[in-house]
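Chain residues, written in single-letter form:
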Amino acid sequence: MTLMILGVCAFVSLIVGIATEGWPNGAHDGLGIVASILSVVFVTAVSDYRQSLQFRDLDKEKRKITIQVTSNGFRQKLSIYDLLPGDIVHLAIGDQVPADGLFVSGFSVLIDEWSLAGESEPVMVNSENPCMLSGTEVQDGSCNMMVATVGMRTQWDKLMATLSEGGDDETPLQLQLLLFSSEGLPLAVTLSLAFSMKKMMNDKALVRHLAACETMGSATNICSDNRDTNYESYDCCAERQAVKLVRVEPFHSTKKQTGVVVELPEGGLRAHTKDASEIVLAACNKVINSNGDVIPLDEESINNLKATIDQFASEALRTLCLAYMVLESGFSPDNPLPHSGHTCIGIAGIKDPVRPGVKESVAVCRSAGIPVRMVTGDNINTAKAIARECEILTDDGIAVEGPDFREKSQEELLN
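Conventions we followed
Residues numbered from 1 in each chain as written. Predicted model: local features only at pLDDT ≥ 70, side-chain atom pairs only at ≥ 80, totals over all residues. Heavy atoms only, no water. Helix = DSSP H or I, 4+ residues; strand = E, 2+ residues; numbered from the N terminus. Buried < 20%, exposed > 50% of the residue type's maximum accessible area, 1.4 Å probe, protein only. Contact = heavy atoms within 4.5 Å. Areas by Shrake-Rupley, 256 points an atom, 1.4 Å probe, with all protein chains shown as cover. Core = buried A, V, L, I, M, F, W, Y, C linked by side-chain atoms within 4.5 Å. Axes fitted to C-alpha atoms, helices over the stretch in contact; angles between N-to-C directions. Parallel < 35°, antiparallel > 145°, perpendicular 65-115°, else oblique. Left-handed = near helix turned anticlockwise from the far one by under 90°. Nonpolar A, V, L, I, M, F, W, Y, C, P; charged D, E, K, R; others polar. Salt bridge = Lys/Arg side-chain N within 4 Å of Asp/Glu carboxyl O. Pairing = 2+ DSSP bridges.

(A) Quick peek at the overall build of the protein. Scanning the protein from terminus to terminus reveals 14 helices and 16 strands. Every one of the 415 residues in the protein was classed for burial, and the buried ones make up 32%. Counting only contacts in the protein whose residues sit at least 6 apart along the sequence, the fraction spanning at least 24 positions is 63%. When the accessible area of the protein is evaluated, it comes to approximately 25,900 Å², of which 56% is carbon and sulfur surface.

What follows is the structure in structure tokens.
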């Protein structure tokens, strides 16, 4: 829009200038505006083309998404673009549904359809409500889904095709340039953004549009999670005795624990649970002592376990409480796991090393006047230890738990 206005100005300037002062003296201003327009177009085109080449390679990597699929009778990892109708896809919490399909089997499956339908409440998927749509996300549970439609026939791709028909929005700077449309200002802004893009490319930060530099330059605060952003995670696996799985309750941020119900080889059902130490420990009334005997969980044992949790947390360890309980014979797989009567097995601590460059990045942000804050669902002692290790929490800094933070007034938050 700004360039269109300048184009009209150039045309008017040429006509008026030539009419009043003649050629070529009267054409100087108009030709100057035309030169500015061509410079803006050239710089923008070159920057966008160079970025498009890099993003083409990046998009190829982003498309290399593999999922667990049973196809032709074999379970294997396949690209989401190799799915065919009739394949069985194995989904767990956090996975995006790769195609439209039908629920086959699973446990406690909740689907977040906000990105597709705008619904804020998750939808329960089961044999009575079996439809699963591409682009939605598994919020809770795990399941097997039979693929029904793929590619442009899915609801997600139909929606994306419709949205792509819209035009591009003006950026904040472009909107302001409509009010101050001198011939030199758009060129100056474009050159400035192109220079910013070049600097960001040198820092290994890819920018698809020039306007993104404008947004990045307006950042005043950075909030970071601790696990995926600041820490490297290492996965390990162990062989286990084969048992019949009766029910699975995957981890959820609200419950802060995960559990399974298994059928023992000698008969009977047993529930195993783990995760947030405080929550799982509160559900226990017995504990296994150092001799392997199950004894009542008294006040002294509770204090010892809490002291272990605090010690691990102060060492930046993520703590887990492991527990189990024997279920009654009338337990139904449709019932949730009991929230009391567990036997505590012990406390485990997990250590993730800090990613290289995190401390340096925090220091750079702080020197630029941009404070860095860590937001996490971990134990507060664990969070403080991790923040100190990353040099996010300084000697004069504070750590606040969620309930206390939400009770603060707007004035207290600003101060």
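(B) Region of interest: the nonpolar core. Core analysis: the biggest nonpolar cluster contains 17 residues, and L83, V89, L91, M132 and M145 have the highest contact counts within it. Listing elements by their share of this core, those giving two or more residues are strand 1 (66-71), strand 3 (88-91), strand 4 (100-112) and strand 7 (137-149). Per element, the largest residue contribution to this core is 4 residues, and it comes from strand 7. Among residues more than four places away in sequence, those in contact with L91 are Q96, V97, P98, M132, V138, S142, C143 and M145. Residues V362, A383, C390 and I392 belong to the second largest nonpolar core, which totals 15 residues.

(C) Seen up close, the packing of helix 10 (residues 299-314) against helix 12 (residues 380-389). At a minimum axis distance of 7 Å, the contact between helix 10 and helix 12 shows a crossing angle of 20°. In terms of orientation, helix 10 and helix 12 fall into the roughly parallel class. Note on packing geometry: the crossing formed by helix 10 with helix 12 is right-handed. Residue-level inspection shows D310, A313 and S314 of helix 10 in contact with helix 12, the latter providing N381, T382 and A385. Class assignment for the residues of the contact of helix 10 with helix 12 results in 2 nonpolar, 3 polar and 1 charged.

(D) Quick look at the pattern of salt bridges. Within the structure shown, the criterion is met by 1 salt bridge. E263 is the salt-bridge partner of K244, the closest N and O atoms lying 3.9 Å from each other. With K244 in strand 9 (residues 244-249) and E263 in strand 10 (residues 257-263), this pair connects stretches of sequence that are 19 residues apart. A relative accessible area of 54% places K244 in the exposed class. Its relative accessible area of 32% is what places E263 among the partly exposed residues.

(E) Main features of the environment of V34. With respect to the secondary-structure elements, V34 resides in helix 2 (residues 28-62). According to the relative accessible area criterion, V34 is partly exposed, its value standing at 31%. With 20 residues separating them along the chain, V34 and L14 place their C-alpha atoms 9.9 Å apart.

(F) Main features of the pairing of strand 3. Pairing of strand 1 with strand 3 involves 2 bridges; the strand directions are antiparallel. Opposite T70, over in strand 3, you have I88 as the bridge partner. Bridge analysis of strand 3 against strand 7 gives 4 bridges, and the strand direction is antiparallel. Considered in strand 7, the bridge of V89 is made with M145.

(G) Focus on the environment of P296. With respect to the helices and strands, the residue P296 is situated in strand 13 (residues 294-296). Given a relative accessible area of 62%, P296 falls into the exposed group. Placed 47 residues apart in sequence, P296 and T343 show a C-alpha to C-alpha distance of 8.8 Å. Among all residues touching P296, those that are not within four sequence positions of it are N285, K286 and V287.

(H) Representation of unusual backbone geometry within the structure. The residue N72 is not glycine, and still its phi comes out positive at about 60°. Relative to the helices and strands, N72 resides in the loop between strand 1 and strand 2 (74-79). The phi angle at E391 is positive, at roughly 65°, despite the residue not being glycine. Following the sequence through the fold, E391 ends up in the loop between helix 12 and helix 13 (402-407). The exposure class assigned to E391 is partly exposed, which follows from its relative accessible area of 40%.

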